[in-house]
Amino acid sequence: MWGIDHARLHTTLKTQQWLPVGSRILIALSGGQDSVCLTRLLLDLQPHWQWFLTAVHCDHRWRADSAANANFVQVLAQQWHLPCEVVSAPEVPKTEAAARAWRYQVFETVAKALNCTHVVTAHTQSDRAESLLLHLLRGTSPDGLATLLPMRSLGSVQLVRPLLGMTRAETAAFCQTYGLPIWQDETNQNLDYRRNRLRLELIPYLQQHFNPNVEAVLAQTAELLASDRAYFEAEVDRLAPTVIREHPPALDRLRLRELPLALQRRLIQRFLRQHLKRGIDFSLIEAVRLLIAAGNGSQTSTLPGGCHLRVCGQWLEWVRSTAPPSESVPPHQGERSPPPPPLY
Ligand SMILES: Nc1ncnc2c1ncn2[C@@H]1O[C@H](COP(=O)(O)OP(=O)(O)OP(=O)(O)O)[C@@H](O)[C@H]1O
């Protein structure tokens, strides 16, 4: 029988058309409360939507109980008459980022092999709020705060996150109401990880002392920033050919000066990204802006991070970068290490 959560998801899917009638859907099922909740909801709505549902579980093999977790998911899927693919990592991923990259690769490969049109993950409103806060505290641009989009492409399939309207407390209540079994991931309680400290300490503090709906308002901010980002990306695509010269690489200082600051910064970032392998921080973009505003005399400047640019009349020309590309931070260790420099 449908409850209030079924009705809410049904209405959202009807309005958004994220998962049209008859879609072939691959459900990313970790076994945790969020993906168990999502799987049950989709199975219950399936007779109405006529979807073809399959689950996929990625066994990263990085904990002693990984195989038990995979087995839990297989048994649950069997009980629910849901076809389920379990894929084991060929080698244990060294970092959280490597694990994530492999997982999404698996989602895409399995989806293609099964002719699925959509992959769904069970990210919630709470995940979105946490990601926004994590990025904000680490330092990022407004575009970097537009986290966890409800829909994006994953190769040739669509990745959809239908649970962004539900909090983690709501998925827990759903699982409890319907007596659903849940795999408990012990590492979720480990306060060595920044995300766990945020989830277990900071968010409850903010809820108690600032706003009980803090997750909803943060997720709403991410949503608003996502639509702003889409707009600015389209504007940057449109303006880039008029401002960025490809050969030899240069920025048109006169054209840039005419544009609003928000676009100047984004176009400078686009230009730098074409030539720098490492992250681009705020101070670098601001240093380039000073050169855009500088007088017309010819000068070569060394900017933060060893990047050389030459003012040449109307043009700001790329000379070279002497800084080595930055190494990626292994997130399992990176969780405990100092945050990376703020990105613009
Ligand atoms: N091992 C797994 N197998 C299948 N699906 C998974 C697995 N781990 C995570 N997922 C899917 O991804 C969702 C989000 O999980 P989690 O928050 O752990 O990932 P994340 O790494 O923080 O998020 P993201 O993948 O967007 O970076 C889960 O609800 C589930 O749908």
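Counting starts from 1 at the beginning of each chain's written sequence and moves along it residue by residue. Side-chain atom pairs in this predicted model are given and counted only at pLDDT of 80 or more, local residue features only at pLDDT of at least 70, and totals for whole chains, interfaces and linings cover all residues. Each side-chain value is derived from all of the structure's non-hydrogen atoms; neither hydrogens nor water enter the calculation.

The chain appears in an unreviewed UniProt entry as tRNA(Ile)-lysidine synthase from Thermosynechococcus sichuanensis E542. UniProt positions are given in the numbering used here, feature names are shortened, and annotations may be inferred rather than shown by experiment. A UniProt comment under Subcellular location (unreviewed entry) is attached to the chain, and it reads "Cytoplasm". The chain has a UniProt comment under Catalytic activity (unreviewed entry) that states "cytidine(34) in tRNA(Ile2) + L-lysine + ATP = lysidine(34) in tRNA(Ile2) + AMP + diphosphate + H(+)".

Caption draft 1: Seen up close, the environment of F174. Numbering of helices and strands starts at the N terminus; helices are DSSP runs of H or I of at least 4 residues and strands are runs of E of at least 2. As for its placement among the helices and strands, F174 is situated in helix α7 (residues 168–177). Judged by its relative accessible area of 1%, F174 falls in the buried class. Separated by 75 residues in the primary sequence, F174 and A99 place their C-alpha atoms 28 Å from one another. Throughout, a contact is declared for two residues whenever any of their heavy atoms are within 4.5 Å. Apart from residues lying up to four places away in sequence, F174 is in contact with D5, H6, C37, R40, L41, M166 and L180. For each residue, the accessible area found with a 1.4 Å probe, counting protein chains only, is set against the maximum for its type, and the residue is called buried under 20%, exposed over 50%, and partly exposed in between.

Caption draft 2: How the structure looks around the layout of surface pockets. A 1.4 Å probe that fits but cannot get out identifies a cavity on a 1 Å grid over protein atoms alone, an open set with protein on both sides within 12 Å along at least five of seven lines counts as a pocket, and a residue lines either if it has an atom within 4 Å of a point. Grid points are joined across faces, edges and corners, and a volume is the space filled by probe spheres set on the points. What the second largest pocket holds in volume is close to 220 Å³. Around the second largest pocket, the lining is made up of 14 residues, and of these T12, W18, P162, L164 and G165 lie nearest the centre. With five residues, the single largest contributor to the lining of the second largest pocket is helix α1 (residues 4–16). Residues were grouped as follows: Ala, Val, Leu, Ile, Met, Phe, Trp, Tyr, Cys and Pro as nonpolar; Asp, Glu, Lys and Arg as charged; and all remaining residues, including Gly, as polar. Partitioning the lining of the second largest pocket into residue classes produces seven nonpolar, three polar and four charged.

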